[in-house]
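# Observations on the three-dimensional arrangement
So the chains spell out like this:
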Amino acid sequence: MKARPFLSALIAVLLSLLLITLGVLWAMDRRSPLRLAEASPELPRAARFVPRQAALSLHWLADPSRLPAYVQAVAPASERRQARDAARRWREGVFALAGLDYDSELASWLGSDVSLTLLDADGSGSDPGWILALSSRSSDGARLFLQRFWQTRSLAGTDLQVTSYRGMGLISGRGALQGRAPVPLATTLIDDDLLLLASGRGVLEQALDVSQLQDQHQLGDAQLQRQLEELGQGVALMTVSPSALEHWFQLPAALADRPDLEGLVARLHPDGRDLAVDGLLRFRGPLDIASWAPADGLIPAAVGRPVWLAQLQDPGRLIRADDDHPLVQWVGPLLRHVLSDQPAAGQIARLDDGPLLWLQQAESWLLATRPGHPTRSSLNDRLQEEGLARSELSGDGETLQVWTRLVRQRGRGEGLDAQLAVASAGEADLDWWGDSLAALERRRESRGISDRQNQWRALHGAEAASQTLLLADQPARSLLGRWYPWRLVQALSGDPLQARVKGLALALESDHNDGNRSVLPMHARLELG
């Protein structure tokens, strides 16, 4: 009988130790920097002060203090210290744009929700207004910061103005970090734990006005909230207006200027060293043009060693300048630019209703299409108009169709030479086209394609995409180097991020109706070494 109390006590001790161990592991997991990537997709409370028509809004939903630790944890072992320092510089640079010093003014109290709103300029030549919303992880952190913030600037000679607006106390003046030119600033404190810092009293009053109108602020947009939840978890949520898409994100004017374009909503999600972006282009009402069909995937059949790979659904429609579908307005100009230097490939694309697989090698191109799309007879008619002659070439157990043009040779051995422009080989499930026999021969190689196929598998939404682009390191660096947001990120980090780019994958899905709106889903994945 005495054994029972002993066993009961032993079991109780073991259960206690188990619960304590689980609690410690849970706490360690919650504090792990890798959990930075698991932020909620819901809009923060600060979205109540963001106008739906804002040029840009960015809601950062992860603790900024953990960002350097996350970057350090996922970086290669030999580069962890450098990566951590770059993340710190980027974080400090972002807050310095608003005249704030992260380490001395924010680190002790700043919470996990940080929101930035940019407003369009009023047309008088002034700079766009901005609002920075900072959450506090303690009940008095934001209040104490405000006291020190304005006290420091008052001692430096800033004239302060204290007013009341909609029952809220507003403090405004001109302030800046030491050594910087003073800028107009205004602040107010919401419920002791949400600080609004704006580029002037008028901008801040506008945000307070918007917060009172359910149909004007983001938090009252039920469809926006639902779409963000469907996009999934991420460390940041972003909305961009059509004008900002054109001027800051370099979207083609034909698409950005559409009267029915409402803007972009997107989420950013780190995945190891990669950064994934999933978004929706939103349109008011259904599109009054035929929808785009998803591509019947050819990427699993990709071969060779392409520096970039594209899968295009209905390329003939993409090239047409008289079609006003959003995909034509977005992808069409890029495709026409690439084809301007490849007239033979352009003829194949114009006659193809898709899907078309483009494999760009270092110095040549290789295309794959479904059999009969286009037919060789229809292509032959087009190529004949460009002075090309069709013939057959046998060898290695197959017969190739080739198109050549006669060119005059100069020098001692003057005469005529047949210059190859297109070579084609037919297989059971694919037609292959290349600009040389060597390019066509690469369809038998498969060892160098694994990187591009891995990009495709890791890209969210790739299997349902109508247009897909997969780039290796050099083409990705070239593309990003011309993109303004990327140049800004590099400037803030103070680190040459360009050399860290290992690849870039992009996918555009087919448009579809979502309630009373049309949406065009997009996905991107940036690989960083």
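Refer to the structure above for everything that follows.
My aim in this report is to walk through the structure given alongside it, one point at a time. Nothing here was measured: the structure is a model prediction, and the numbers come from that model. (Residues numbered from 1 in each chain as written. Predicted model: local features only at pLDDT ≥ 70, side-chain atom pairs only at ≥ 80, totals over all residues. Heavy atoms only, no water.)

## What to know about the pairing of strand E18 (residues 465–471)
Side-chain positions along a regular strand alternate between the two faces of the sheet. Worth spelling out the cut-off: Classification of residues uses two cut-offs on accessible area relative to the type maximum, computed with a 1.4 Å probe and protein chains only: under 20% is buried, over 50% is exposed, and between them is partly exposed. Numbering goes from the N terminus for both helices and strands, where a helix is a DSSP run of H or I of at least four residues and a strand is a run of E of at least two. Strands were regarded as paired on the criterion that DSSP finds at least two bridges between them.
With six of its seven residues buried, E18 lies for the most part within the structure. Here five bridges tie strand E11 (residues 308–312) to E18, and the two strands are oriented antiparallel to one another. By the bridge assignment for E18, Trp-308 is matched with Leu-471. With six bridges connecting them, E18 and strand E19 (residues 501–509) associate as antiparallel partners. Bridge pairing links Gln-467 to Leu-508 in E19.

## Brief notes about unusual backbone geometry
Residue His-373 is joined to Pro-374 through a cis peptide bond whose omega torsion reads 5°. Within the secondary structure layout, Pro-374 lies in the loop between strand E13 (365–369) and helix H13 (376–385). Although it is not a glycine, Arg-166 adopts a positive phi angle of roughly 55°. Arg-166 gets classed as partly exposed once you look at its relative accessible area, which sits at 49%. Of note, the phi angle at Gln-250 is positive, near 60°, even though the residue is not glycine. Here Gln-250 is to be found in the loop between helix H8 (242–247) and helix H9 (253–256).

## Some points on the packing of helix H2 (residues 67–74) against helix H3 (residues 80–96)
The line we're drawing: The angle between two axes is taken between their N-to-C directions and runs from 0 to 180 degrees, where each axis is a line fitted to C-alpha atoms and a helix contributes only its stretch in contact. Roughly parallel covers angles under 35 degrees, roughly antiparallel covers those over 145, roughly perpendicular covers 65 to 115, and oblique covers all other angles. Should the near helix be turned anticlockwise from the far one by less than a right angle, the crossing is termed left-handed; should it be turned clockwise, right-handed. When checking whether two residues touch, look at their non-hydrogen atoms; a contact exists if any pair is within 4.5 Å. Side-chain classes are defined by residue name, with Ala, Val, Leu, Ile, Met, Phe, Trp, Tyr, Cys and Pro counting as nonpolar, Asp, Glu, Lys and Arg as charged, and the others, Gly among them, as polar.
Close contact between H2 and H3 brings their axes to 8 Å; oriented N to C, the two are set at 150°. Compared by their axis directions, H2 and H3 come out roughly antiparallel. In this structure, H2 meets H3 at a crossing whose hand is right-handed. Each of Leu-67, Pro-68, Val-71, Gln-72 and Ala-73 in H2 lies in contact with H3, whose residues at this interface are Arg-80, Ala-83, Arg-84, Ala-87, Arg-88, Trp-90 and Arg-91. Looking at the contact of H2 with H3 residue by residue, the classes come out as seven nonpolar, one polar and four charged.

## Quick notes on the side chain of Gln-453
The criterion, for reference: Polar contact criterion, stated in full: a pair of N or O atoms within 3.5 Å, where within protein one must be able to donate a hydrogen and the other to accept it, and residues adjacent in sequence count only if both atoms are side-chain atoms.
Summarising the element assignment, Gln-453 is placed in helix H15 (residues 450–458). Overall, Gln-453 belongs to the buried group, its relative accessible area being 11%. A distance of 3.3 Å separates a polar side-chain atom of Gln-453 from the backbone oxygen of Pro-300. Apart from the residues within four sequence positions on either side, Gln-453 is in contact with Ile-299, Pro-300 and Ala-302.

## Looking at the packing of aromatic side chains
Note on aromatic pairs: each is described by the distance of the centres and the angle between the planes. Inclusion rule: The pairing test for Phe, Tyr and Trp rings, Trp by its six-membered ring, is centres within 6.5 Å, and the orientation test on the planes gives stacked under 30 degrees, edge-to-face over 60, and tilted for anything in between.
Under the defined criterion, the tally for this structure stands at eight aromatic pairs. Centre to centre, the rings of Phe-149 and Trp-150 are 4.9 Å apart; their planes meet at 85°, and the pair counts as edge-to-face. Trp-150 shares its class with Phe-149; the two are buried. The interplanar angle of 20° and the centroid separation of 5.7 Å between the aromatic rings of Trp-308 and Trp-358 together place this pair among those described as stacked. One end of the pair, Trp-308, is in strand E11; the other, Trp-358, is in strand E12 (residues 356–360), and 50 residues separate them in sequence. Per residue, the accessibility class of Trp-308 equals that of Trp-358, and both read buried. A network of ring pairs unites the aromatic residues Trp-109, Phe-145, Phe-149 and Trp-150 as a single cluster.

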